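One letter stands for each residue in the lines below.
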Amino acid sequence: MNPNLLVVGAQPDSLGDWIAAEGRDAGYQVHMAGISGESIHLDITNSGDCERVIAERDYHSIVCTAGINQHSPYVFHHDVEEHMKVNATGPIVLLEYWLKKWKETERTSPMAPLHFVGISSNSAHVARSMSAVYCMSKAALSMGLRCIARREAAHWREFNIYGYEPGWIDGTPMSEEVEERLMSDRGVIARHRIPGDRVVEPGVLAEMIVMNLRWLRSPLNGTMIRVDGGEQ
């Protein structure tokens, strides 16, 4: 039986949608979860939802693309709380339930590789003057994934926990929303600072993500991979 791949956040034309398509082509049983009409309802900010979805099926790999990048040029509690819940806390709680499920599941050998992949952003490193809250939340996600990967590596060698920190992903609903906001807020503002305007194509990134799910014990464990054309 083909391994199960859960893609969290897969509205049409999103990175998750591209990952789901690549996963099917690679032979995975793909399941999509989220709050944008995906077949499985999952509010990443709801711990009960996370626990329920993980309990429903043995997901060998999870790619969590859930995230928000709302207009929040100033750092107020409600903006920080909302971004942290969606961009950092939610994915980490989902990861913890996934780990707990597999630790309690009797496994036979050989079995499919177990990967949890979080989609962060290079905004975890690149300071953006009008996006402090978004940058803070993505930095929290990146560090959380790295810490948990280190925690698990010593005793549970079969888990692969890591993520990607892409730069500007072209043509996704989030990118289009942010671009429209930037232009309306302060006139024409550069979407990014990638030299040569080498934006990230969602199909290329999706292919890379799915390809790396094949490793039984991946050297990517505990790493965050920047795919951003050298933006600073």
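This write-up is about the structure you can find in this document. (Residues numbered from 1 in each chain as written. Predicted model: local features only at pLDDT ≥ 70, side-chain atom pairs only at ≥ 80, totals over all residues. Heavy atoms only, no water.)

## Quick look at the overall build of the protein
In step 1: Along the protein, the regular secondary structure elements total six helices and seven strands.
In step 2: Starting at the N terminus, the α and β elements of the protein follow one another as β-α-β-β-α-β-α-β-α-β-α-α-β.
In step 3: Relative to its full complement of 232 residues, the protein shows a buried share of 50%.
In step 4: Taking all contacts inside the protein whose residues are at least 6 apart in sequence as the whole, residues at least 24 apart take part in 74%.
In step 5: A total accessible area of about 11,500 Å² is found for the protein, and carbon and sulfur atoms account for 53% of it. (Helix = DSSP H or I, 4+ residues; strand = E, 2+ residues; numbered from the N terminus. Buried < 20%, exposed > 50% of the residue type's maximum accessible area, 1.4 Å probe, protein only. Contact = heavy atoms within 4.5 Å. Areas by Shrake-Rupley, 256 points an atom, 1.4 Å probe, with all protein chains shown as cover.)

## Some words on helix α6 (residues 202-211)
In step 1: Among all positions of α6, only Pro202, Gly203, Leu205, Ala206, Ile209 and Val210 are buried. Seen along its axis, α6 keeps its buried residues to an arc of 160°; they face one direction.
In step 2: Looking at the buried positions of α6, the neighbouring elements they touch are α1 (15-25), β4 (61-64), β5 (114-119), β6 (159-166) and β7 (224-227). (Arc of directions from axis to C-beta.)

## Overview of the nonpolar core
In step 1: Formed by 31 residues in total, the largest nonpolar core has its most connected members in Val8, Ile44, Ile62, Leu94, Leu95 and Trp98.
In step 2: If you list the elements that add at least two residues to this core, you get β1 (4-8), α2 (47-56), β4, α3 (77-103), β5, α4 (132-153) and β6.
In step 3: Ranked by residues supplied to this core, first place goes to α3 with eight residues.
In step 4: Discounting residues that sit within four places of it in the chain, Trp98 has contacts with Ile54, Tyr59, His60, Ile62, Leu114, His115, Phe116 and Phe159. (Core = buried A, V, L, I, M, F, W, Y, C linked by side-chain atoms within 4.5 Å.)

## Focus on the pairing of β5
In step 1: With six of six residues buried, β5 is to be regarded as a mostly interior element.
In step 2: Here β5 shows no split at all, with Leu114, Phe116 and Gly118 on one side and His115, Val117 and Ile119 on the other all buried.
In step 3: With four bridges joining them, β4 and β5 adopt parallel strand pairing. Looking at β5, one finds that Ile62 is bridged to Phe116. (Pairing = 2+ DSSP bridges.)

## Quick word on the packing of aromatic side chains
In step 1: The tally for this structure, following the rule as stated, stands at four aromatic pairs.
In step 2: With a centroid separation of 6.1 Å and 35° between ring planes, the pair formed by Trp156 and Phe159 is classed as tilted.
In step 3: By relative accessible area, which is 27% here, Trp156 ends up partly exposed.
In step 4: Judged by its relative accessible area of 3%, Phe159 falls in the buried class.
In step 5: Three or more aromatic residues joined by ring pairs make a cluster, and in this case those are Trp98, Phe116, Trp156 and Phe159. (Phe/Tyr/Trp six-rings, centres within 6.5 Å; stacked < 30°, edge-to-face > 60°.)

## Considerations on the packing of α2 against α3
Geometrically, a packed helix pair is captured by the angle between its two axes and the distance between the axes.
In step 1: Close contact between α2 and α3 brings their axes to 9 Å; oriented N to C, the two are set at 35°. Like other packed secondary-structure pairs, α2 and α3 cross with a definite hand, here right-handed. Here Ser47, Cys50, Glu51, Ile54 and Ala55 of α2 come into contact with α3, specifically with Gly90, Val93, Leu94, Tyr97, Trp98 and Lys101.
In step 2: Here the residues of the contact of α2 with α3 sort into seven nonpolar, two polar and two charged. (Axes fitted to C-alpha atoms, helices over the stretch in contact; angles between N-to-C directions. Left-handed = near helix turned anticlockwise from the far one by under 90°. Nonpolar A, V, L, I, M, F, W, Y, C, P; charged D, E, K, R; others polar.)

## Description of the sheet that holds β6
Remark on secondary structure: sheet strands pair via backbone hydrogen bonds, oriented parallel or antiparallel.
In step 1: As summarised here, the arrangement of the seven strands in space is β3-β2-β1-β4-β5-β6-β7, forming an open sheet in which the pairing is parallel. The open sheet terminates on both sides in strands that have one partner only, identified here as β3 (40-41) and β7.
In step 2: The sheet contact formed by β1 and β4 spans four bridges and is parallel. Bridge pairing in β4 places Val7 opposite Val63.
In step 3: Contacts from α3 reach β1, β4, β5 and β6, with the element oriented near 175° to β5.

## A few points about the side chain of Ser218
In step 1: With respect to the element layout, Ser218 can be found in the loop between α6 and β7.
In step 2: Engagement of the side chain of Ser218 in a polar contact is seen with the backbone nitrogen of Leu220, the distance being 3.0 Å.
In step 3: Those residues in contact with Ser218 that sit more than four places away from it in its chain are His115 and Asn160. (Polar contact = N/O pair within 3.5 Å; in protein donor to acceptor, adjacent residues only side chain to side chain.)

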